[in-house]
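Summary of structural features
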Amino acid sequence: MTGSASAPSASLESLLASREVLVFCGSGGVGKTSTAAAAALAAAVHVGGRVLVVTIDPARRLADALGIEGIGNIERRVPDEVLRAAGLAPRGELWAAMLDTKASWDDLVLRHAPDAETANQILDNRLYENLTSRFVQSHDYIAMERLYDLHSTGTYDLIVVDTPPTRNALDFLDAPQRMADFFGGRLLRWLTAPYRLGGRRGARLVNFASRPFYQVADRILGTQFLQDIAVFFLNFETMYAGFVTRARAVERLLHDRRTAFTVVTTLEGAPLREAEFFCAELTARDYHLGALVLNRVLPESFADVDVAAAATRLVEEPETVAARLSGLGIDALADSVAVTRVLRTVGQSFRNFAVVATREAEMRAQLSRVPDVVATVPSFADDVHDVAGLARIGECLLGMQLPSTRVRADGRAGEAEHRPG
Amino acid sequence: MLDLLDRRLLFVTGKGGVGKSTVTAATALIAAEQGKKVLLVEVDAKGNLTNLFEHPPVGFDPREVHPGVFAMQLNTEASLREYLKLNLRIPMVGRIGPIANIFDFVANAAPGVKEILTVGKVCWEVRESVEGRADWDLVIVDAAATGHVLAQLDAPRTIRELVHTGPIRSQTEWMIEILSDPALTALNVVTAPEEMPVNETIELVARAREETTVPLGAVIVNRVLPEPFTVEDEPVFAAMSTPRAAAALVDELGEGAEGVFDAARLAVALRRARVPHLDALRAAVDLPLLYLPYLFVRDHGLRVTRMVADALGAELGL
């Protein structure tokens, strides 16, 4: 690792400096992609080395900002000028890539197929297209397989990877094993056996054991469909050994000490419950849980008693305050009725957000079984879509911004914290 | 007024995190209050839809989770078992285990098979009701998220292309009929006024038209923040930040004054930042848009479902 500086206690910075792979996971809509990109940027800027972020489906403006729009599987270096334009002085290099599921599958087939003819037969099969483009699980697998591929090149000091949005956030962890089971399983051999005996395109010879299955399956799916599936998998089976070896290697990398997981969540009920489940499950399965990121958290000023008292006064008796303002001789404040209305709205608006902030604080207090490192990223007014925005998140992740209860006039709150490691 | 509730089958999709399940539950609540008997189907196996009615999780057999609202959780194996029993009259009791394993394997590998067990079950309930053998007035599906819903809805056509003979093929015909009938079915998208949800919604609406025959219903924009100040009041609010006014406010309200005004500025900024996304949505999508306010509430439960239902009811002109 180039230019790494290990922190004395557990922190996101020490993870960025010591691990080779950092996997970001969490439920949909919590800001996982931006957080992963921000962590990679922070590593390139503050830690150094060659850092790659692999994103799955970045927002268009973010992809534009990183210069990875439409480039598919090829990694691109984010130009230093782009980083410098955002006021950053990077110690290392930031690279970015976007995951292209179809292209990655094609690569995999071309690599593992015994000959070009078999590869083409697989690539041209309609089942293949469906398998690769439509199925979430194949997406999960390919993300992990691509990660392994990039890691094994040894090109990067650190690879930060965003995970696909899944129904179950754990799916991608099971993907390598499932893929190995799938190709190594007796079921596949059993399903294809009759066709194997009869030759690839020949008549089916059903043995006694599998006859009941075929009787039922024929009635449901039709003979032709079953045969299509079997022929496809007979071809696919030629890649079996390569696939299983790879899947096992991917599995090992994910469990390796060099890999750490970061769970991202907001302080809303459902994502938070999922994040807690995820933390527990990662630990139970012997993965290295590195950090928990609480994203889009409202500023702490909402819990401030002085501020709350001021808000109460504005809601309950704005008239006296309005009279004072109207007497200042400022034109825009001359109409005391309008001033009263605005003051009451200001107080009410605070109270509205305070309800949410209180709920968030409560949620946070109830967090159990979390990793040592907990980073908080405040709620910014807009979706982060540029390098400066990512840098801001990155500083929060590293706990570099001074803890602050202030909301700046531009609506950007600044707050960061680490649990004492 | 939008006649959404007059259909028989509503799919609700949306990007993760936008409140798809809450809106689905609220829709069921409104329909039930209109006197309809509603079947609420949870497709994603998260099992938390019934939380929104403060009812424990349900299984494959529908349970009444709220007066007039019956919920079930789809499960492809149970769906297959029912299918075999009803359609093929295969005595499956002893053998369903291993067969289901094999089927699960085929379903994982072959396109559309898992999806058709999901969408097929839903269509079957609709057909039974339309033909008088079941009595659901409305079936509402908390469908897969935007990324996967089209594969689900289009499964009957996928299967029809791949399977050339057999009972499944013939059954795809009536499923496609139900799924394509604008008098019966509508696909609705829940979104939020943020970049990714809006982009996904625009993309989904376009793809649904191109790739499927399923009629589109409405786009429900959830969590719309209120505009704190009217145009006339904006300069009044701005003037309160001038040094003299700010000093007077600290004098009147104490040290907390700044924090209150900072929060109001945050509220304005949050609202402003979302306006371009709403504009982009309006410009790109020619479907009815229903707006639901951001709710400043504690955790989700029946109370929030009720608040969302009230807001949705108002948007539907009820």
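Data block above holds the structure.
Residues numbered from 1 in each chain as written. Chains lettered and ligands numbered in written order. Predicted model: local features only at pLDDT ≥ 70, side-chain atom pairs only at ≥ 80, totals over all residues.

Topic: unusual backbone geometry
Test applied: Put simply, DSSP marks the helices as runs of H or I at least four residues long and the strands as runs of E at least two long, and each gets a number from the N terminus on.
Residue B:E54 is not a glycine yet carries a positive backbone phi of 55°. The residue B:E54 is located in the loop between β2 (38-42) and β3 (63-66) in this model.

A few points about the sheet that holds strand β7 (residues 289-297) of chain A
Residue and element names in this part refer to chain A. The condition that has to hold: A pair of strands counts as paired when DSSP detects no fewer than two bridges linking them. Any pair of residues counts as being in contact when their C-beta atoms, constructed from backbone geometry, are within 7 Å of one another. The convention used is that axes are lines fitted to C-alpha atoms, helices contributing only their stretch in contact, and that angles between N-to-C directions extend from 0 to 180 degrees.
With mixed pairing, eight strands are arranged side by side in an open sheet as β3-β4-β2-β5-β1-β6-β7-β8. The sheet is open, and its two borders are formed by β3 (76-77) and β8 (373-378), each paired with just one other strand. The sheet strands contacting helix α18 (residues 387-397) are β7 and β8, and the helix crosses β8 at an angle near 145°.

A look at the nonpolar core
Short version of the rule: By definition, a nonpolar core groups buried Ala, Val, Leu, Ile, Met, Phe, Trp, Tyr and Cys residues that connect through C-beta atoms lying within 7 Å of each other. Buried residues are those with 20 or more other C-beta atoms within 10 Å of their own C-beta, exposed residues have 12 or fewer, and partly exposed residues lie in between; C-beta atoms are placed from the backbone.
A:A40, A:L41, A:V160, A:L397 and B:V260 are the most contacted members of the largest nonpolar core, which totals 221 residues. A total of 11 residues in this core trace back to one element, the largest contributor, which is helix α2 (residues 32-47) of chain A. When neighbours within four sequence positions are excluded, A:V160 is seen to be in contact with A:L22, A:F24, A:A36, A:A39, A:A40, A:V51 and A:V53.

Describing the packing of helix α16 (residues 318-326) of chain A against helix α10 (residues 243-253) of chain B
Each pair of packed helices can be summarised by the angle the axes make with each other and by the distance between the axes. How we decide: Crossings are assigned a handedness: left-handed for a near helix turned anticlockwise from the far helix by less than a right angle, right-handed for a clockwise turn. Residues were grouped as follows: Ala, Val, Leu, Ile, Met, Phe, Trp, Tyr, Cys and Pro as nonpolar; Asp, Glu, Lys and Arg as charged; and all remaining residues, including Gly, as polar.
It is the contact of α16(A) with α10(B), at a shortest axis distance of 10 Å, that shows an interaxial angle of 150°. Note that α16(A) runs across α10(B); the crossing there is right-handed. Of the residues in α10(B), those touching α16(A) at A:V321, A:R324 and A:L325 are B:A245, B:A248, B:E252 and B:L253. For the contact of α16(A) with α10(B), a count of residues per class yields five nonpolar, no polar and two charged.

What about the pairing of strand β1 (residues 9-14) of chain B?
Along any regular strand, the residues point their side chains to alternate faces of the sheet. All names here are of chain B. With six of its six residues buried, β1 lies for the most part within the structure. Here β1 shows no split at all, with L9, F11 and T13 on one side and L10, V12 and G14 on the other all buried. Taken together, the six bridges between β1 and strand β6 (residues 185-191) define a ladder with parallel strand orientation. Counterpart to L9 in the pairing with β6 is T185.

Re the environment of A:N125
Residue and element names in this part refer to chain A. By secondary structure assignment, the location of N125 is in the loop between α6 (116-124) and α7 (126-133). Judged by the 18 C-beta atoms lying within 10 Å of it, N125 falls in the partly exposed class. As for N125 and L15, which are separated by 110 residues in sequence, their C-alpha atoms are 43 Å apart.

A short note on the sheet that holds β6(B)
Residues and elements named next belong to chain B. Taken in spatial order, the eight strands line up as β3-β4-β2-β5-β1-β6-β7-β8 in an open sheet, and their pairing is mixed. The strands lining the two open edges of the sheet, one partner per strand, are β3 and β8 (289-293). The mean inter-strand angle of the sheet, taken between neighbouring strand axes irrespective of direction, is 25°. With five bridges connecting them, β2 and strand β5 (residues 138-142) associate as parallel partners. In the sheet register, E42 faces β5, and the bridge partner there is D142.

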